[in-house]
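A look at the structure
Residue-level listing of the chains:
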Amino acid sequence: QVQLQESGPGLVKPSQTLSLTCTVSGESITTDYYTWHWIRQPPGKGLEWMGVIEYGGTSYSSPSLKSRTSISRDTSKNQFSLQLNSVTPDDTAVYFCARKDPSKSLGGMDYWGQGTQVTVSS
């Protein structure tokens, strides 16, 4: 059974950096060919894909967030992390980590964390 758990501060001040960690159990984040994603959902809005780190360590971010986003991993802890710089109140959202298995025909995320609320406020 694959489980993902987000962790990090629930409150961040404007202009500072949002940092979250996803701890994965039941599957190594280096296993071919899974990819590991960050997604967020602002209040009253839909899901927004933020970025991914692949099994080999290469990362990609959404064009709209690329300049502020960094995704990394710590394979010794089986964790991957999100950093979002220069946050504003518009970054307030529930943040999810998730896995994608390209072998599944529907092509979506097959495992999700429960999500963690992050509020940007002074």
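Our subject is the structure that appears above.
Residues numbered from 1 in each chain as written. Predicted model: local features only at pLDDT ≥ 70, side-chain atom pairs only at ≥ 80, totals over all residues. Heavy atoms only, no water.

Some points on the state of the cysteines
- All chains considered together, the criterion is met by one disulfide.
- Linked covalently through their sulfurs, Cys22 and Cys97 form a disulfide whose S-S length is 2.1 Å. Note on the Cys22 and Cys97 pair: the S-S dihedral is about 70°, so by sign convention the disulfide is right-handed. Of this pair, Cys22 sits in strand E3 (residues 18-25) while Cys97 sits in strand E9 (residues 93-100), and the two are 75 residues apart along the sequence.
- Exposure remark for Cys22: the relative accessible area of 0% places this residue in the buried category.
- Cys97 sits in the buried class, given a relative accessible area of 0%. (Disulfide = S-S within 2.5 Å. Helix = DSSP H or I, 4+ residues; strand = E, 2+ residues; numbered from the N terminus. Buried < 20%, exposed > 50% of the residue type's maximum accessible area, 1.4 Å probe, protein only.)

So, the packing of aromatic side chains
- A complete count under the given rule lists four aromatic pairs for this structure.
- Ring geometry for Tyr33 against Tyr55: centres 5.4 Å apart, planes inclined by 85°, an arrangement best described as edge-to-face. Of this pair, Tyr33 sits in the loop between E3 and strand E4 (35-41) while Tyr55 sits in the loop between strand E5 (48-54) and strand E6 (59-61), and the two are 22 residues apart along the sequence.
- We classify Tyr55 as partly exposed; its relative accessible area is 29%.
- Three or more aromatic residues link up through ring pairs in this structure, and these residues are Trp36, Trp38 and Phe80.
- A cation over an aromatic ring shows up here: Arg99 above the ring of Tyr34, its NZ or CZ 3.9 Å from the ring centre. (Phe/Tyr/Trp six-rings, centres within 6.5 Å; stacked < 30°, edge-to-face > 60°. Lys NZ or Arg CZ within 6 Å of the ring centre and 35° of its normal.)

As for the sheet that holds strand E1 (residues 3-7)
- Ordered in space as E1-E3-E8-E7, the four strands form an open sheet in which the pairing is antiparallel. Only two strands of the sheet have a single partner each, and these edge strands are E1 and strand E7 (69-74). Going across the sheet, the axis of each strand differs from the next one's by a mean of 20°, ignoring polarity.
- The pairing of E1 with E3 spans five bridges and is classified as antiparallel. When the bridges of E3 are listed, Gln5 appears paired with Thr23. (Pairing = 2+ DSSP bridges. Axes fitted to C-alpha atoms, helices over the stretch in contact; angles between N-to-C directions.)

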